[in-house]
Each structure stands twice: as C-alpha cells, then as structure tokens.
Amino acid sequence: MNKIIAMAFSFKLIEKDNINCIIPLIQKLTNNKNSDAILKERFAEMVTQNYECAGVYDGDVLIGVSGMWFQTRHYSGKSMEIDHVYIEAEYQGKGLGKQFFKWLYAYAESKGCNTSELNTYVQNYPSHKFYYNEGFEIYGYHFYKTL
C-alpha cells in the first residue's frame, strides 16, 4: 500500500550551512544532470547571493524543496522567484504542494515581496497544471544558452 499515514508536515528554511541536504532531491528533479560535486560548488555560491531555500519535512525527513531568489524587477517590483521545486513522488497529489506554496507566499510577503515568479522545465507537464491552478500566468519565456 502506498498510503501516507504520518501527517506531521512542516515547512521551514534550510540553513545555508546545511544547503547540501537538498542535493538528493535536486538529483531526482533533474535526473542526475550534474554531479554532486558540481551541485555543492553551485549551492555554495548561490547561498552568498539573494538565494534562500525552504524544505518540506515529514517529521524530521526532508521530502520537498524549493529555492527562492529575491530581487526587485522593473516590471513587477520586489519579487520572489520560486526555483527547483520538488516533492517526493509518494507525497505528490495530496495537497501538500498547495500548502507549501501558501507558506512560500507568506514568507515572500514577510520579506516585502508583492509578486512571485517561477521557472519550470518545459517537459515538466504536471507542474504546469499545478502552477496554472496556483494562479500563475505565462508572462514571458526563459531562454538558456551555454557560453
């Protein structure tokens, strides 16, 4: 049976010195696109910028993650950009994502943000439906080029 019994979920910031705890979830999200060593290097730099990370916990176990970039944009004001959202497969489709986003929005508002943005992989169709249901609209395209 694939039923989730424990419902002691909590949402909290992940301390910068513990950022590497998210690597196993990021590896699942990206199908191991980058090595753990590369992710450690990148996360070490990211936490020195306007980046924070929040986790979803089932008791003490990290089961979900979302990065958050904070910036002021000319078209939207002070904004939180949600990045690399992932919740373990067995916890998906049970309303946990909606609860997590409610927490993320409240956190952004507490930091003075009046908008939220996000990027999602083009092929991640299930996430698109979720984001539409959350009230997100496609505002533009996110282009990528390797230099």
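For the structure itself, consult the block above.
Residues numbered from 1 in each chain as written. Predicted model: local features only at pLDDT ≥ 70, side-chain atom pairs only at ≥ 80, totals over all residues. Heavy atoms only, no water.

**Student:** Break down the overall build of the protein chain for me, citing the residues and quoting the values.
**Tutor:** Of regular secondary structure, the protein chain possesses four helices and five strands. Mapped in sequence order, the helices and strands of the protein chain form the string β-α-α-β-β-β-α-β-α. Computed over the C-alpha atoms, the radius of gyration of the protein chain is 15 Å, within 12% of the 15 Å expected from 2.2 N^0.38 for a compact globule of 147 residues. For the protein chain, the C-alpha atoms occupy an extent of roughly 50 × 35 × 30 Å along the three principal directions. Per-residue burial for the protein chain yields a buried fraction of 40% across its 147 residues. Counted over contacts in the protein chain with a minimum sequence separation of 6, partners at least 24 positions apart contribute 59%. Entry remark: accessible area of the protein chain is about 9,800 Å², with carbon and sulfur atoms responsible for 54%. Separation between the mean location of the 15 positive side-chain charges and that of the 16 negative ones in the protein chain comes to 4 Å. (Helix = DSSP H or I, 4+ residues; strand = E, 2+ residues; numbered from the N terminus. Rg over C-alpha atoms; globule rule 2.2 N^0.38 Å. Buried < 20%, exposed > 50% of the residue type's maximum accessible area, 1.4 Å probe, protein only. Contact = heavy atoms within 4.5 Å. Areas by Shrake-Rupley, 256 points an atom, 1.4 Å probe, with all protein chains shown as cover. Lys, Arg positive; Asp, Glu negative; His and termini not counted. Charge placed at Lys NZ, Arg CZ, Asp CG, Glu CD.)

**Student:** Describe the sheet that holds strand β3 (residues 61–73), listing the residues and the values that go with them.
**Tutor:** Reading across from one edge, β1-β2-β3-β4-β5 is the order of the five strands in this open sheet, with mixed pairing throughout. Since the sheet does not close on itself, it has two edges, and those belong to β1 (9–13) and β5 (115–118), each with one partner. For this sheet the average axis-to-axis angle between neighbouring strands, irrespective of direction, equals 25 degrees. Here five bridges tie β1 to strand β2 (residues 51–58), and the two strands are oriented antiparallel to one another. Bridging across to β2, Lys 12 finds its partner in Gly 55. (Pairing = 2+ DSSP bridges. Axes fitted to C-alpha atoms, helices over the stretch in contact; angles between N-to-C directions.)

**Student:** Let's hear about the environment of Trp 103: which residues, and what values?
**Tutor:** Its location among the elements puts Trp 103 in helix α3 (residues 96–110). Each C-alpha atom, one on Trp 103 and one on Tyr 131, is 15 Å from the other, the two residues being 28 residues apart in sequence. Sequence-distant contacts of Trp 103, defined by excluding residues within four places in its chain, comprise Phe 11, Lys 12, Leu 13 and Ala 54.

**Student:** Would you mind going over the environment of Glu 15 in detail, with residue names and values included?
**Tutor:** Residue position: Glu 15 is located in the loop between β1 and α1 (23–29). For Glu 15, a relative accessible area of 53% translates into the label exposed. Separated by 21 residues in sequence, Glu 15 and Asp 36 have C-alpha atoms that sit 19 Å apart.

**Student:** Report on the pairing of β2, specifying residues and quantitative values.
**Tutor:** Among the eight residues of β2, eight are classified as buried, and the element is accordingly described as predominantly covered. What you see with β2 is no split at all: Tyr 51, Cys 53, Gly 55 and Tyr 57 on one side and Glu 52, Ala 54, Val 56 and Asp 58 on the other are buried throughout. Sheet topology note: the β2/β3 ladder contains eight bridges and is antiparallel. For Cys 53, the partnering residue across the bridge sits in β3 and is Gly 67.

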